[in-house]
Amino acid sequence: MAGTRPYPDEPVGPFPSPPTTDEDREGRAIEFVAPDDFEDVIGDVVEMYVQFDPTDRAQGIPPTGEDRIRNWLETIAEESVNVVAYHDDDVIGHAMLVPDTSDPAAIEDKGDIEWELAIFVLQDYQRAGIGTKLLEHLLGHASDIGIERVWLTVERWNNPAIALYERVGFESTGTESFEQEMAILLE
Amino acid sequence: MNVLVGLVGSDESVKTLRQTVDRTHDVGDDLTVAVVEKPESKRSQEEMVEQAEELLADADVEAEIVTLEGDPGSALVDYAEQGEFDQLVIGGGTLSPMGKIQLGPITEFVLLNAPTTVKLVR
């Protein structure tokens, strides 16, 4: 369904590029990294999702149970664009873009494709400014590699998440139903 | 049980019908198939009816097939309300590239307005 969603007229940016290390509001040193190969960090990311409180799941993701988590990440791993947040040696946040195409192998120009965004931050690290930073670094990395159009859906009643997306420049582009669709055009 | 299954002509509709027909076959429910009008669907209303007829014949299940005109959600709920149905079955949404479950406006209308039990097929 490429090219079917509405996007804001004005591009947004620039956003910071990873890697960066930054202190969160609790004084913890958080490192934002875009791994060259997601396979290298997939084990650490699986561990984060195993710790993730399922009450914060959204629209069925992340799945629960290590096998289902690994299977989900491996399914989207190859063509996805990822930024992970580390505290010491643990992944505590993960943001990703997945191409909206039936044939990811045939992507010639990342700017031609729409990318779906999702972001998760481990419960103990929420409300410390990490989500905003993680989102900004993902968008900075995306812009660096030529991605222009990013969209997402969020549960309509999830006001904190909607406020976060608006803060970095996403605009609401339609309310299908239970999900609010939002989009951003990158510089 | 008296079951009404609502179809819009998508791949999810075909999956929903298949599962419902299997269940009907196993437990001996009474089944009515309602095909609504959704012009942007992959299959036209006629094509969906034809496919439903085939599926029912293959499974050796008897069911009445009706076509409903007008707004899909409201036509379906209205039809369910007029009949003596115990359950209304519809497709349970699509998956985004990320794997997020997405429910469309028809599903939302049915869930919020149907007086019967509603079953979403995944």
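In this report, the structure presented in the accompanying data block is examined.

Definitions and limits used
Residues numbered from 1 in each chain as written. Chains lettered and ligands numbered in written order. Predicted model: local features only at pLDDT ≥ 70, side-chain atom pairs only at ≥ 80, totals over all residues. Heavy atoms only, no water. Helix = DSSP H or I, 4+ residues; strand = E, 2+ residues; numbered from the N terminus. Rg over C-alpha atoms; globule rule 2.2 N^0.38 Å. Buried < 20%, exposed > 50% of the residue type's maximum accessible area, 1.4 Å probe, protein only. Contact = heavy atoms within 4.5 Å. Areas by Shrake-Rupley, 256 points an atom, 1.4 Å probe, with all protein chains shown as cover. Lys, Arg positive; Asp, Glu negative; His and termini not counted. Charge placed at Lys NZ, Arg CZ, Asp CG, Glu CD. Axes fitted to C-alpha atoms, helices over the stretch in contact; angles between N-to-C directions. Parallel < 35°, antiparallel > 145°, perpendicular 65-115°, else oblique. Left-handed = near helix turned anticlockwise from the far one by under 90°. Buried area = accessible area lost by both parts, 1.4 Å probe. Salt bridge = Lys/Arg side-chain N within 4 Å of Asp/Glu carboxyl O. Nonpolar A, V, L, I, M, F, W, Y, C, P; charged D, E, K, R; others polar.

**Section: the overall build of chain A**
Tallying secondary structure elements over chain A gives four helices and eight strands in all. The linear arrangement of helices and strands in chain A, starting from the amino end, is β-β-α-α-β-β-β-α-β-α-β-β. For a compact globule of 187 residues, the expected C-alpha radius of gyration is about 16 Å, and chain A comes in at 16 Å, within 12% of that figure. For chain A, the spread of C-alpha atoms along the principal axes amounts to about 40 × 35 × 30 Å. For chain A, the proportion of its 187 residues judged to be buried stands at 52%. Within chain A, counting contacts between residues at least 6 apart in sequence, those at least 24 apart form 66% of the total. With the model as given, the accessible surface of chain A reaches about 9000 Å², and the carbon-plus-sulfur share is 42%. When the 12 positive and 41 negative side-chain charges of chain A are each reduced to one mean point, those points stand 7 Å apart.

**Things to note about the packing of helix 1 (residues 11-27) of chain B against helix 2 (residues 45-59) of chain B**
Residues and elements named next belong to chain B. At a minimum axis distance of 10 Å, the contact between helix 1 and helix 2 shows a crossing angle of 30°. By the criterion of interaxial angle, the relationship of helix 1 to helix 2 is roughly parallel. Considering how the two elements wind past one another, helix 1 and helix 2 form a crossing that is right-handed. From helix 1, Ser13, Val14, Leu17, Arg18, Val21 and His25 reach across to helix 2, where they touch Met48, Gln51, Ala52, Leu55, Leu56 and Ala59.

**Concerning the interface of chain A and chain B**
Between chain A and chain B, the contact holds 20 residues from the first and twelve residues from the second. In total, about 1400 Å² of surface goes out of reach between chain A and chain B, with carbon and sulfur atoms giving 57% of it. By the criterion of area lost to chain B, the three top residues of chain A are Gln59(A), Glu116(A) and Phe178(A), representing 37% of everything that side buries. The interface formed by chain A and chain B holds one salt bridge in total. For Glu108(B), the salt bridge goes to Arg156(A), with nearest N and O atoms at 3.1 Å. Where the side of chain A that touches chain B is concerned, the elements lending two or more residues are helix 2 (66-77), strand 4 (90-99), strand 5 (114-121) and strand 6 (149-155) of chain A. Among the residues making up the side of chain A that touches chain B, the classes are represented as eleven nonpolar, four polar and five charged.

**Focus on the packing of helix 3 (residues 72-82) of chain B against helix 4 (residues 105-113) of chain B**
Residues and elements named next belong to chain B. Following both chains from N to C, one finds helix 3 and helix 4 inclined at 30°, their axes separated by 8 Å at the closest point. At the point where helix 3 passes helix 4, the crossing takes the right-handed sense. Mapping the contact onto sequence places Pro72, Gly73, Ser74, Leu76 and Val77 in helix 3 and Ile106, Phe109, Val110 and Asn113 in helix 4. Among the residues making up the contact of helix 3 with helix 4, the classes are represented as six nonpolar, three polar and no charged.

Geometry only, nothing functional implied.
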